[in-house]
Amino acid sequence: MASEFTIRDEKSSSDPAGVGDVTTTINTGPNVTASETNQDAESYEARRHSPINAWLVVLSCFLLNFNLLGINYAYALTLTIGIPVGRSVEIFGFRKVALCGSILFSGALVAAGFCRTIPTLILTQGILNGIGAGILFIPATTAPAQQLPKRRSLSMGLSSAGAGVGGIFWSFFIRAIITRMGYQWALWLSGCVSAGINAFALCILKTRPMAPNSRQASIWSGLVMFKDARFVTLYCASCLSVFGYQVPFFYVPTYAQTQLHSSTLVGSILAAIMDLGMVVGRITLGLAADSKLGTMNSIISGMALAGLCPLVFWLPSSNSLPLLYVFCFSYGFLGGGYIGLLPAVLAHIFDPDKLPTITGLFLTSELPGQMAGGPIAGVILSSGNGQWTPVILFAGITIFCGSLFAVATRFQVQRIITEPGVTIEPVFGSDRYTPHAEDLRLLE
């Protein structure tokens, strides 16, 4: 017979680590024994009251993001496998899934160095490396959400900032190796260095155990999320904004070369400045989201301002390289900041124990924009005889329109805040989840 027990972390008067108070109900299914349940409870208590372990998990995810988003050549493929990977995390745990992804990710890079034909290079550096990154991405994105409830947005912002740091490091590292030693050595060294970093990250990735009942739902059970208006509006906000979000990352280096007659090195510097802005923005907006500003307000303001940024700084920069530098940092700060906060909202509204599957489903919202945003901008540029104004308008308007859907999510969330005790509708099977008071405050 199924049973359940509740673990409650009492809120202490001093909580410098931001661990906070948490109430967790673990339901035991027919295949889970009482001894296994008690072991999970004891393990949960030990890890949940360890702020050092919580911040080590954040560091681990920072390092995983440092590699997988700094080197990944197939991000659309990474997003495609999010749903099955999310369920795998809930069944097997964060570390086991991340280990599989790490082996495939780094091994594919090393194997690509031995390739002599284009098809084998596509298979290794493209498909296998992309799948490995996709397997790593869900654990690296969602593990911090369970560690520091009172500083959830900051912890997720810090971990996702690894993508920006990795983008800066790997772009110059790979360029230097290719120049001195050739393309094959760049692949071999990238694979070996990333394997070493991932190995260290996995050693300190010690998360609390997943709820036993999370293993009982089917792989497609998360699709019921589309019945929730909060999820749907936030999904639409992400989907629409990503069409424009990718445009500056793809086209700013080309813009600098064609309009300002800059070198390819300047293009690399501009990309690095955007990555730097992303690092600062994800940490800063994470701090703001955990403060009185709240997560939803931080996302709305970041997304809206990111949409205005191309119109304010990029559009008038045709004769000014310094203004283009300002745009790159500002856009990286705002755009990278709001993108990094989206999973934090899911963790606040829905059950954090089911965040891997929910996040995997939510990340599919980025697929259309990731695959079509850049080509659409290219068609606009070609049809306009090289005129950049329509491309810049396309980037800014799509992001700003996405912020309108985020506003709709804010109104949906308002109902949770203003009606105490409201319970989220079932997400998987018979589970019901009531957001904690701290989560509701941070959503304001």
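Preceding this section is the structure that the text describes.
This structure is a prediction, so every number in the text was calculated from the model and none was measured.

How each quantity is defined
- Along each chain, residue indices are assigned from 1 in the same order as the chain's sequence is written.
- Whole-chain, interface and lining totals are the exception, using all residues; otherwise, since this is a predicted model, local features are given only for residues with pLDDT of at least 70 and side-chain atom pairs are given and counted only at 80 or more.
- Excluded from the side-chain calculation are hydrogens and water; included are all heavy atoms of the structure.
- Side-chain atoms within 4.5 Å are what join buried Ala, Val, Leu, Ile, Met, Phe, Trp, Tyr and Cys residues into a set we call a nonpolar core.
- To sort residues, take the accessible area from a 1.4 Å probe on protein chains only and compare it with the maximum for the residue type: under 20% means buried, over 50% means exposed, and anything in between is partly exposed.
- Secondary structure elements follow DSSP: runs of H or I of four or more residues count as helices, runs of E of two or more count as strands, with numbering from the N terminus.
- The contact criterion used is simple: two residues touch if any of their non-hydrogen atoms lie within 4.5 Å.
- Take the number of residues in a helix, subtract one, and multiply by 1.5 Å to get its expected span.
- Throughout, the bend at a residue refers to the angle made by two axes, fitted to the seven residues ending there and to the seven starting there.
- Pairs of N or O atoms are called polar contacts if they sit within 3.5 Å, as long as, within protein, a hydrogen donor faces a hydrogen acceptor (for residues adjacent in sequence, only side-chain-to-side-chain pairs).
- Nonpolar side chains (Val, Leu, Ile, Met, Phe, Trp, Tyr) are joined into patches within 5 Å and like charges within 9 Å, using only residues with over 30% relative accessible area and no salt bridge.
- Every accessible area reported is derived by Shrake-Rupley at a probe size of 1.4 Å, with residue values counting cover from the shown protein chains alone.
- Any carboxyl oxygen of Asp or Glu that lies within 4 Å of a side-chain nitrogen of Lys or Arg is treated as forming a salt bridge with it.

**Student:** Any chance you could explain the nonpolar core here in plain terms?
**Tutor:** A general trend in soluble globular proteins is that nonpolar side chains are found buried together. Membership of the largest hydrophobic core comes to 61 residues, with the highest contact counts inside it found for Phe-231, Trp-314 and Leu-324. Those elements that provide at least two residues to this core are helix 9 (229-259), helix 10 (264-289), helix 11 (295-314), helix 12 (321-349), helix 13 (355-363), helix 14 (367-383) and helix 15 (389-418). Per element, the largest residue contribution to this core is 15 residues, and it comes from helix 12. Not counting residues within four places of it along the chain, the set of residues in contact with Phe-231 comprises Met-225, Phe-226, Leu-346, Phe-350, Ile-358, Leu-361 and Phe-362. Membership of the second largest hydrophobic core comes to 36 residues, among which are Val-85, Phe-94, Phe-105 and Leu-363.

**Student:** Please explain helix 12 as it appears in this structure.
**Tutor:** An α-helical turn contains 3.6 residues, so any two residues separated by three or four positions project in the same direction. In this model helix 12 runs 42 Å from its N-terminal to its C-terminal C-alpha over 29 residues, within 8% of the 42 Å that 1.5 Å per residue would give. Leu-342 marks the point of greatest bend in helix 12, at about 30 degrees, and the proline Pro-343 comes within the next four residues. In terms of burial, helix 12 is a largely internal element, 23 of the 29 residues being buried. Capping of helix 12 at its N-terminal end is provided by Ser-320; its side-chain oxygen lies 3.2 Å from the backbone amide nitrogen of Leu-323.

**Student:** Please explain the side chain of Thr-409 as it appears in this structure.
**Tutor:** Among the secondary structure elements, Thr-409 is positioned in helix 15. Among the polar contacts listed, one links the side chain of Thr-409 to the side chain of Thr-233, at a separation of 2.7 Å. With residues near it in sequence (within four places) discarded, Thr-409 still touches Arg-230, Thr-233, Leu-234 and Met-296.

**Student:** It is not clear to me how a nonpolar patch on the surface should be interpreted in this structure. Could you clarify?
**Tutor:** On the surface, a nonpolar cluster with roughly 430 Å² of combined accessible area is contributed by Leu-305, Leu-308, Val-312, Phe-400 and Leu-404. Those elements giving two or more residues to the nonpolar patch turn out to be helix 11 and helix 15. Among the elements that make up the nonpolar patch, the one with the highest residue count is helix 11 (three residues). For Leu-308, a relative accessible area of 36% translates into the label partly exposed.

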